[in-house]
Amino acid sequence: MQAICTILLGNVIVLIPMVLNAHAGTKYGIPFPVYVRASFGVRGANLPAVLRALVACGWFGIQCWIGGQAIHSMLAVIWPQIGNYPFSIWVCFFLFWLLNIAVIWRGIETIKILEGVGAPFMLIIGLLLLWWITRKAGGLGPVLSAPSKFKTTGEFVHFFIPSLTGMVGFWATVALNIPDFTRYAKSQRAQVVGQALGLPTAMTLYAFIGVAVTSASAVLFGTAIWDPVQLLGKFHQPVIASIALIALLVATLNTNVAANVVSPSNDFSNMNPRLISFRTGGLITGVVGVLMMPWKLLGSYSSYIFGWLVGYSGLLGPIAGVMIADYFVVRKRTLQVDDLYRRGGSYEYRSGWNFRAVLALVAGVFVALAGLVVPSVHWLYDYAWFVGFAVSAILYCLLMSMSHLRGS
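Residues numbered from 1 in each chain as written. Predicted model: local features only at pLDDT ≥ 70, side-chain atom pairs only at ≥ 80, totals over all residues. Heavy atoms only, no water.

1. Things to note about the nonpolar core
Next, step 1: In terms of nonpolar packing, the biggest core is built from 79 residues, with W59, W308 and L335 touching the most fellow members.
Next, step 2: Looking at this core element by element, the count peaks at twelve residues for helix 16 (residues 301-330).
Next, step 3: Setting aside residues no more than four positions away along its own chain, W308 makes contact with V55, G58, W59, I62, M292, L297 and S303.
Next, step 4: Ranked by size, the runner-up nonpolar core spans eleven residues in total, among them W132, I133, A216 and L231. (Core = buried A, V, L, I, M, F, W, Y, C linked by side-chain atoms within 4.5 Å. Buried < 20%, exposed > 50% of the residue type's maximum accessible area, 1.4 Å probe, protein only. Helix = DSSP H or I, 4+ residues; strand = E, 2+ residues; numbered from the N terminus. Contact = heavy atoms within 4.5 Å.)

Structure (structure tokens):
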């Protein structure tokens, strides 16, 4: 219950900036790299776009590593001797990487088809896996009756706060580039209802499946296994293991191309549209994703949650703060769309840069990540996304109001 409630609360919280940032995409039909020009300037928008793209590249590499592990585990069920070849995991990794690159090469329509087929398939397989493994463990009773690992409320709160931030950070990427998708929405009501049903509801359901299956692994194997690939590799029944691992491959491919390809491809293309197409931006994403060494980021759940998720949330929270403050507070949801696409217009600022937005972003990141180097304020890092969002949003509003008073 502690895990499920943490995940649910994190998704409800991050739903708010997602719906707010989605508004401009639906109203004006503009993607994230264009929308962010309103606050950072027609050239300055490249700064938050590249930061968002680099995080997506890291996620792309992580998903490819998970997919490669799934292929390796599936082959190990069929051919156990594969473990004797250390390089085999790398071959599987690059095979899955190439599969992702092939989808990118075929374009956005292939991604739409993949999403339409993959989502219901994943839900069905997830429920079947839950039913199968809990039956092996003696039913949901023994699985859900496991006591908390935290002896006191204080222990739980100490773990809960950075975990909540990590859960918000999990979707902090899409919370920025959600206009890339909602630009196609039919109405504001459609995007709000769609996200409300698709994020907290579906995510909590999948989280329940994951938590219950992990708890069942503790009953079956004596230790809780958090890595889904490692867990599925424990089942030596070829048919069951193969079906489950294929489902994991589909889920990973689905997630990767939707969440970690569309945005960075647009972001890299936005830097120089004449030279970098959507397809080229996707290829850049694939290469950078490998260079970020995803196997290090997934070394343990601690490095994954408290290092990767919480760490980059301190970069993205301030961007969201500036964007939302600009659109809803400073501009009252009114944009000059034509000026977003040309130099010398309303969003030119100084040589295409709004340095007030840059200053607010830097200040938010500095405060959010200060706890990494100053132990006495480590709590700031635990709340990295929230702290960065608040500092940048407030400072940006103050700086913009001062500039309006001076008439500059």
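Next comes the rest of the description.
2. Here's the deal with helix 1 (residues 2-28)
Next, step 1: Taking 1.5 Å per residue, 27 residues should reach 39 Å; helix 1 reaches 40 Å between its end C-alpha atoms and fits that length.
Next, step 2: Within helix 1, the axis deviates most sharply at A22, by approximately 25°.
Next, step 3: Phi for G29, located one or two positions after helix 1, is positive at around 70°. (Expected span 1.5 Å × (residues − 1). Bend = angle between axes of the 7 residues up to and from the residue.)

3. A few points about the pattern of salt bridges
Next, step 1: Within this structure, the stated rule accounts for three salt bridges.
Next, step 2: Its salt-bridge partner being R331, residue D326 comes within 2.9 Å of it at the nearest N-O pair.
Next, step 3: What makes D326 buried here is its relative accessible area of 1%.
Next, step 4: The residue D339 makes a salt bridge to R342 at a minimum N-O spacing of 2.6 Å.
Next, step 5: When its relative accessible area of 9% is taken as the criterion, D339 is described as buried. (Salt bridge = Lys/Arg side-chain N within 4 Å of Asp/Glu carboxyl O.)

4. Remarks on unusual backbone geometry
Next, step 1: Backbone geometry places K332, a non-glycine residue, at a positive phi of 50°.
Next, step 2: Position of K332 among the secondary structure elements: in the loop between helix 16 and helix 17 (337-340).
Next, step 3: Look at K332 and you get exposed, because its relative accessible area is 58%.

5. Things to note about a nonpolar patch on the surface
Next, step 1: Taken together, the side chains of I78, W79, Y85, F87, V91, L95 and L98 present a nonpolar region at the surface, about 730 Å² in accessible area.
Next, step 2: Element by element, the count of residues in the nonpolar patch is highest for helix 5 (residues 88-106), at three residues.
Next, step 3: By the element assignment, W79 lies in the loop between helix 4 (46-78) and helix 5. (Patch = residues over 30% accessible without salt bridge, like charges linked within 9 Å, V, L, I, M, F, W, Y side chains within 5 Å. Areas by Shrake-Rupley, 256 points an atom, 1.4 Å probe, with all protein chains shown as cover.)

6. Things to note about the packing of helix 8 (residues 153-177) against helix 16
Next, step 1: Where helix 8 contacts helix 16, the two axes come as close as 7 Å, and the packing angle between them is 55°. Between helix 8 and helix 16, the angle is such that the two are oblique. Handedness of the crossing formed by helix 8 with helix 16: left-handed. Across the interface between the two elements, F159, P162, S163, T165, G166, G169, F170, A172, T173 and L176 of helix 8 pack against Y301, Y304, I305, F306, L309, V310, Y312, S313, L316, I319, A320 and M323 of helix 16.
Next, step 2: Residue composition of the contact of helix 8 with helix 16, grouped by class: 16 nonpolar, six polar and no charged. (Axes fitted to C-alpha atoms, helices over the stretch in contact; angles between N-to-C directions. Parallel < 35°, antiparallel > 145°, perpendicular 65-115°, else oblique. Left-handed = near helix turned anticlockwise from the far one by under 90°. Nonpolar A, V, L, I, M, F, W, Y, C, P; charged D, E, K, R; others polar.)

7. Quick notes on the packing of helix 13 (residues 262-271) against helix 14 (residues 278-291)
Next, step 1: Remark: helix 13 packs on helix 14, axes separated minimally by 7 Å, with the N-to-C direction vectors making an angle of 115°. Viewed along their axes, helix 13 and helix 14 adopt a mutual orientation that is roughly perpendicular. Crossing hand, helix 13 versus helix 14: right-handed. Note on element contacts: helix 14 touches helix 13 through F278, G281, G282, I284 and T285, opposite V262, P264, S265, N266, F268 and S269.
Next, step 2: A per-class count over the contact of helix 13 with helix 14 returns five nonpolar, six polar and no charged.

8. Observations regarding the environment of L335
Next, step 1: Relative to the elements of secondary structure, L335 occurs in the loop between helix 16 and helix 17.
Next, step 2: Sequence separation between L335 and Y347 is twelve residues, and the spatial gap between their C-alpha atoms is 9.8 Å.
Next, step 3: Not counting residues up to four positions away in its chain, the partners in contact with L335 are A24, Y28, I30, Y35, A38, Y327, L340 and Y347.

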